[in-house]
Amino acid sequence: KSVICVPLKRDNNVIGVLQSLNRKDKTVFNNEDLTIFESLASIASIAIENAQLYQILNQRLQQLEEQKQRNEYILNKLRSSEEEALKLRDLSKDRGVFSGKLDVFRVENLIQMLGNDYKTGRLKLISGNNEEAYIFLNNGKLKHVEIRNRNLSGINAFYETICWQDGDFSFETGIEQDKNTIDKMSMGIIIEGLRRLDEYNVLKEKYLVDMIPKFAFETDQVLLPHQDDVPKISVLKSIDGNKKIAELLISSNLDRYSFFISIDELQKDQMITF
């Protein structure tokens, strides 16, 4: 029968509307009601803004806590790497060739040890899936990385090997490589690799290797990502509605982190489904 309505304002910005319908005494609203209602709106605006700020603060604190946990994970990994590197150095002392298992000595352990000893040579890795990678070092510095049965080389190939959590390795000193595809400090690359490994471990539980991604729309209706977004385009080009995650990883020629991040973003963008 009657209505009173006022804006909720903060700093001249309208953040909502306060409205009331039909007085209980059946009369219409008047100017006195309007004055009271405007006061209520002012109080409500402050409360709403404070609640929004509190929510933003909580989200930020949660992000900081997650980042802290990730940093602690990386620091613990680095401490573990240093301990394992010392053990491996003792085992390989005065030997030009040594070998072992990747579930005992991780790739980052090996690179740290070889870097600290300024070694020049080739580190050969064979993953539990029989993928084969070569890591070349010159005076302890990463120089070139390649995965032989995939079209993957350079720094992304190194990030891929950090995700290999089982398999075999062997190092042979004195073998040099003309290619130079890595120009960053080894420690910085290891830290970034461990960060990617942390995210990959989460995503691989979400997207299992036997899942089959499909286009969410007809293929001629799919809006491709920007041409500079190479990983997403590589994934989309590999999808045929039949290949499993494990097969797409190989055909996309991406490292595991880039592949799973692309899969995750494509699903969030509703471009693919399962």
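Conventions and cut-offs
Residues numbered from 1 in each chain as written. Predicted model: local features only at pLDDT ≥ 70, side-chain atom pairs only at ≥ 80, totals over all residues. Heavy atoms only, no water. Salt bridge = Lys/Arg side-chain N within 4 Å of Asp/Glu carboxyl O. Helix = DSSP H or I, 4+ residues; strand = E, 2+ residues; numbered from the N terminus. Buried < 20%, exposed > 50% of the residue type's maximum accessible area, 1.4 Å probe, protein only. Contact = heavy atoms within 4.5 Å. Phe/Tyr/Trp six-rings, centres within 6.5 Å; stacked < 30°, edge-to-face > 60°. Axes fitted to C-alpha atoms, helices over the stretch in contact; angles between N-to-C directions. Parallel < 35°, antiparallel > 145°, perpendicular 65-115°, else oblique. Nonpolar A, V, L, I, M, F, W, Y, C, P; charged D, E, K, R; others polar. Pairing = 2+ DSSP bridges.

Applying the stated criterion across every chain yields a total of 18 salt bridges. A salt bridge links Asp264 to Lys206, with the nearest nitrogen and oxygen atoms 2.9 Å apart. One end of the pair, Asp264, is in helix 7 (residues 256-268); the other, Lys206, is in helix 4 (residues 186-206), and 58 residues separate them in sequence. Judged by its relative accessible area of 43%, Lys206 is partly exposed. Each of Glu192, Arg195, Arg196, Glu199 and Asp255 takes part in a single network of salt bridges with overlapping partners.

Another aspect to go through is helix 2 (residues 107-116). For helix 2, a buried count of nine out of 10 residues is recorded, marking the element as mostly surrounded by other parts of the structure. All of the buried residues along helix 2 are Val107, Glu108, Asn109, Leu110, Ile111, Gln112, Met113, Leu114 and Gly115. Looking one or two residues past helix 2, Tyr118 carries a phi angle of roughly 55°, positive in sign.

Inspection of the secondary structure puts Asn201 in helix 4. Taking the C-alpha atoms as reference points, Asn201 and Arg256, separated by 55 residues in sequence, lie 9.9 Å from one another. Each residue touching Asn201, except ones within four places of it in the same chain, is listed here: Tyr73 and Gln165.

Below, the discussion takes up the packing of aromatic side chains. Each aromatic ring pair is described using two quantities: the centre-to-centre distance and the angle formed by the ring planes. Going through the model one piece at a time under the given rule, you end up with five aromatic pairs. Both rings, one in Phe105 and one in Phe169, keep their centres 6.3 Å apart while their planes meet at 90°; by these two values the pair is edge-to-face. Remark: Phe169 occurs in strand 8 (residues 167-173) and Phe105 occurs in the loop between strand 3 (97-101) and helix 2; sequence separation between them is 64 residues. Side by side, Phe105 and Phe169 carry an identical accessibility label, which is buried. Between Phe259 and Phe260, the ring centres sit 5.3 Å apart and the planes meet at 90°, which makes this aromatic pair edge-to-face.

Axis separation between helix 2 and helix 3 (residues 155-162) bottoms out at 8 Å; the angle between their running directions is 120°. Between helix 2 and helix 3, the angle falls in the class oblique. Across from Val107, Glu108 and Ile111 in helix 2, the residues of helix 3 making contact are Phe158, Thr161 and Ile162. Across the contact of helix 2 with helix 3, the residue classes tally to four nonpolar, one polar and one charged.

So, on to the pairing of strand 5 (residues 132-138). Counting buried residues in strand 5 gives five out of seven residues, a clear majority hidden from the surface. Two successive antiparallel strands, strand 4 (residues 121-127) and strand 5, enclose a turn made up of four residues, where Asn130 displays a positive phi of approximately 65°. Of the pairings in the sheet, the one linking strand 5 to strand 6 (residues 141-147) comprises six bridges and is antiparallel in character. By the bridge assignment for strand 6, Ala133 is matched with Ile147. Count of turn residues in the strand 5/strand 6 antiparallel hairpin: two residues, of which Asn139 carries a positive phi of about 55°.

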